[in-house]
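Architecture and fold: a report
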Amino acid sequence: MRPTQPVLQVKNLSARYGVMQVLWDVTLEIGSGERVVLLGSNGAGKTTLLKTLCGLVPAMHGTILLQQQPVDALRVDQRIRRGLAFVSELGMIPTLTVEENLVLGGYYLSNAIRHTRIAEMYQKFPDLWRQRRWAAGSLSGGQRKMLAVAKALIARPTLIIMDEPSSGLSPLLVQELIAILRQLDDGSTAFFIAEQNIKFLDLATRAYVLEGGRLRFTGTVAELHADNTLRTAYFGLR
Amino acid sequence: MQTFRVEGRLLRILFYAIISGMLFGLFFALMSLGLNLLFGVMRMVNLAHGDFVMVGAFIAYVAYTHGILSPWLGLALVIVILGGLGFVLYFPIGPRLTGSYDPEMLSLILFFGVSQILEALAVMVFGNNPVAVGYHVLTVKPVNLLGQAYQPSWILAAGVSVIVILAVYGYLYHTRLGYATRAIMGDREESESTGINVHRVSAIVFALGLVTAGLAGVLSPLVIGSIYPTMGLGLTITAFAVVIIGSLGNPLGSILGGLIYGISLMLMETYLSTWSTMVPYVLLLLILLLRPTGLLGKGVRRA
Ligand SMILES: Nc1ncnc2c1ncn2[C@@H]1O[C@H](COP(=O)(O)OP(=O)(O)O)[C@@H](O)[C@H]1O
Ligand SMILES: [Mg+2]
C-alpha cells in the first residue's frame, strides 16, 4: 500500500552533530492525510530525524520534498509556512500564556482567520478556554499536550510532525491523547509521530522503525506485527 | 511647635526626594531598557550600551546646533538612524554571536570593541570637551508641588520615558511580534520549532534596544546636564546596575530597577550628598550579595 499523493518525500537523508553522524540514509514517504508512526528506542535518532525534516538540524546530504517541492534550502519558518507543523516534546512556550501560544501557532494567518481558528480550538478544548490567560508552563501534563496539539492544528497544516507526544504522560493520559488524536482524523492532515510507546500504532496505518540512526523496518502496521525479531524487540514488553 | 515644623520640613524633603527620584528613575528605566532586551532575547552583553546613549545625545546636539531647541527632532532622528543602523548591524553580528558557544562572553568582547570605536569616532567629530544642549525647557521656571520645586526638564524627560516604556510594553504584551519576542526570551529553540523567524525578530529587538538607548541619550541633557564622547562608560555601568537590580533578561525589571535606583540616588543626594555617586555600585553589590537573580529574577542567569 503506497500513498497516492505524498506530502513528504525524504531520500537518503543523513545528519550529524559536529563530527558525530547520527542519521544514515533515511528514505521515507508520507501520503496526504496518512498517519505514520516512527518507532525507535532512546537515542535511535528519532528527534534528530524530525528536527532535520523541519530544518532545525542541517542535513548532511539527502533531499526533502514537502508537497512535491524541495525544501532543503528553506529555513524552519519557511517550511512551516509551507504547511508543516512541528510539535516538539515540549510543544509550547512555557513562559507565554495559553492564548499567546495559540496565536504563535497561527502566526502567519490573517488576524481574522487566526481569531476564528483560536475560537474553534477553544470549542474543541474547553480546558484551554478556561485557562487561556494562564502561563502554559503552569498547565498539567495532559493539558500541555492538548495545547501543543491545538497550537499545531491552528494553521491547518498538511503534515504534523510530533516528537514523543507520550513523554511525561501517565498511561491513562496517553490513552486519552490517542483518543483525541483519533477524533481529529478528518483525512486532511497527515501525522508523522515519533514514539517509543507502541500504543500509538493503533492510530497508524504504516510504521518505520529507526535503530542506531538507520531505518530498520518500513511497512504497514500489520507487517510490523508479523515481523518476528521486531515483535520480540518492541512488543515483548507489552 | 518648633519640632513639629522641623518634622514637617523633613517630611517635605523626603517627599521631594521620592518624587524627584521617581522622575529620575523613569529616565534610567528607559536608559537601561535596551540592555535588558538585548540580553533577554539574544544573551548579548552590550558593553557599548552607554555609547549608543551617547550617540543619541550627539544626534540631539547636532539638531540643537541647527537651531532646534526642543528634543522632538532628536527623538525622531534617533528612531530613524539608530533603528536602521540596529536592524542592518544585527545581521553580520547577531547570528554569529547567538550561534556561538558562549554568546555572553563573545558579545562582551565584541561590544567592548564597538564601544571604543564609537567613543573614538565621537571624539574625532565633536572633540573631547563637554558640550551643552540648551533645550528651551531647561529655562522654564520650576513647577511647584506641595511647597517643593521640580524641574520641568525632569518632568519632560520622565514623561517621554514613560511613553516610550509603555510603547515597548504594548509591543511586548499586545502584538504578535511581541509574543514572538517574549517566546524567544523564554525558549529560543522552541520558538524556532514554532516557526518564528528568530533572526528577523532578533534584528527588530536589536534595533529597538539601540533606539531606546538613543532616545534616552536625546533626553539626557534634560536630566544629567552636559554631554561628552566618553559619557558612555559611566552610563553603561549605571544601566547594568539598574538592570541587575530589577533582574537581567526581564524587561519589567528595568522599571523597578530604575525607580529603586532613582529614589535611592535622590535620598542620598538629599541626606548624604557626598556619597551619592556610589549609589549604583552599592546597590549592585547589595543585590548581587542578597539576591543574585535580581528582584524579579527567576534564575534567568542560569542559562
Ligand atoms: N544536540 C546534540 N548534540 C550532540 N549529539 C546529540 C544531540 N542531540 C542528540 N544527540 C545524539 O544523537 C543521537 C540521537 O539522539 P536523538 O535524535 O535525540 O534520539 P531519540 O529522539 O530517538 O531518543 C544520540 O546518540 C544522542 O546522544
Ligand atoms: Mg527524542
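Residues numbered from 1 in each chain as written. Chains lettered and ligands numbered in written order. Predicted model: local features only at pLDDT ≥ 70, side-chain atom pairs only at ≥ 80, totals over all residues. Heavy atoms only, no water.

Residue and element names in this part refer to chain A. Counted under the stated rule, the structure contains 8 salt bridges over all chains. Here Glu120 and Arg156 are joined by a salt bridge, their closest N and O atoms 3.0 Å apart. Of this pair, Glu120 sits in helix H4 (residues 111–124) while Arg156 sits in the loop between helix H6 (141–153) and strand S7 (159–163); the two residues are 36 residues apart in sequence, bridging distant segments of the chain. Across the pair Glu211 and Arg216 runs a salt bridge whose closest N-O atoms are separated by 3.1 Å. (Salt bridge = Lys/Arg side-chain N within 4 Å of Asp/Glu carboxyl O. Helix = DSSP H or I, 4+ residues; strand = E, 2+ residues; numbered from the N terminus.)

Moving on to the packing of helix H9 (residues 232–246) of chain B against helix H10 (residues 251–271) of chain B. Residue and element names in this part refer to chain B. Where H9 contacts H10, the two axes come as close as 7 Å, and the packing angle between them is 115 degrees. Considering the angle they form, H9 stands roughly perpendicular to H10. Our pair here, H9 against H10, has a crossing hand that is right-handed. Contacts between H9 and H10 involve Thr238, Val242, Val243, Ile245 and Gly246 from the first element and Gly253, Ser254, Gly257, Gly258, Ile260 and Tyr261 from the second. Taken together, the residues of the contact of H9 with H10 sort by class into 5 nonpolar, 6 polar and no charged. (Axes fitted to C-alpha atoms, helices over the stretch in contact; angles between N-to-C directions. Parallel < 35°, antiparallel > 145°, perpendicular 65-115°, else oblique. Left-handed = near helix turned anticlockwise from the far one by under 90°. Contact = heavy atoms within 4.5 Å. Nonpolar A, V, L, I, M, F, W, Y, C, P; charged D, E, K, R; others polar.)

All names here are of chain A. Helix length check: H6 (13 residues) gives 19 Å between terminal C-alpha atoms against 18 Å at 1.5 Å per residue, within 8%. By the criterion of burial, H6 is predominantly enclosed, with 11 of the 13 residues buried. Three or more residues of H6 are buried, namely Gly142, Gln143, Lys145, Met146, Leu147, Ala148, Val149, Ala150, Lys151, Ala152 and Leu153. (Expected span 1.5 Å × (residues − 1). Buried < 20%, exposed > 50% of the residue type's maximum accessible area, 1.4 Å probe, protein only.)

Turning our attention to the nonpolar core. When a protein is soluble and globular, its nonpolar side chains tend to lie buried together. In terms of nonpolar packing, the biggest core is built from 141 residues, with Leu104(A), Leu181(A), Phe200(A) and Phe206(B) touching the most fellow members. In terms of residues, this core owes the most to one element, helix H1 (residues 2–42) of chain B, which gives 16 residues. Apart from the residues lying within four places of it in its own chain, the contact partners of Leu104(A) are Ile93(A), Leu96(A), Tyr179(B), Ala180(B), Ala183(B), Thr194(B) and Ile196(B). Residues Ala15(A), Val26(A), Leu49(A) and Val71(A) belong to the second largest nonpolar core, which totals 31 residues. (Core = buried A, V, L, I, M, F, W, Y, C linked by side-chain atoms within 4.5 Å.)

Bringing the sheet that holds strand S4 (residues 59–66) of chain A into the picture now. Residues and elements named next belong to chain A. Read from one edge of the open sheet, 4 strands run S2-S1-S4-S5, paired in antiparallel fashion. Each edge of the open sheet carries a strand with a single partner, namely strand S2 (20–31) and strand S5 (69–70). Alignment of S4 against S5, held across 2 bridges, turns out to be antiparallel. When the sheet's bridge partners are listed, Leu66 is paired in S5 with Gln69. Its contacts with the sheet put helix H1 (residues 46–54) on strand S1 (6–17), S2 and S4, and the angle it makes with S1 is roughly 115 degrees. (Pairing = 2+ DSSP bridges.)

With that settled, the discussion passes to the confidence of the model for chain B. Caution is warranted with low-pLDDT regions, since their predicted coordinates should not be read in detail. All names here are of chain B. This prediction gives chain B a mean pLDDT of 89; 96% of its residues lie at or above 70. Under a pLDDT of 50 for its full length, residues 299–303 has, in the predicted model, 9 contacts with residues more than four places off or in other chains. What the predictor reports for the complex is a pTM of 0.91 with an ipTM of 0.92. (pLDDT = per-residue confidence, 0-100.)

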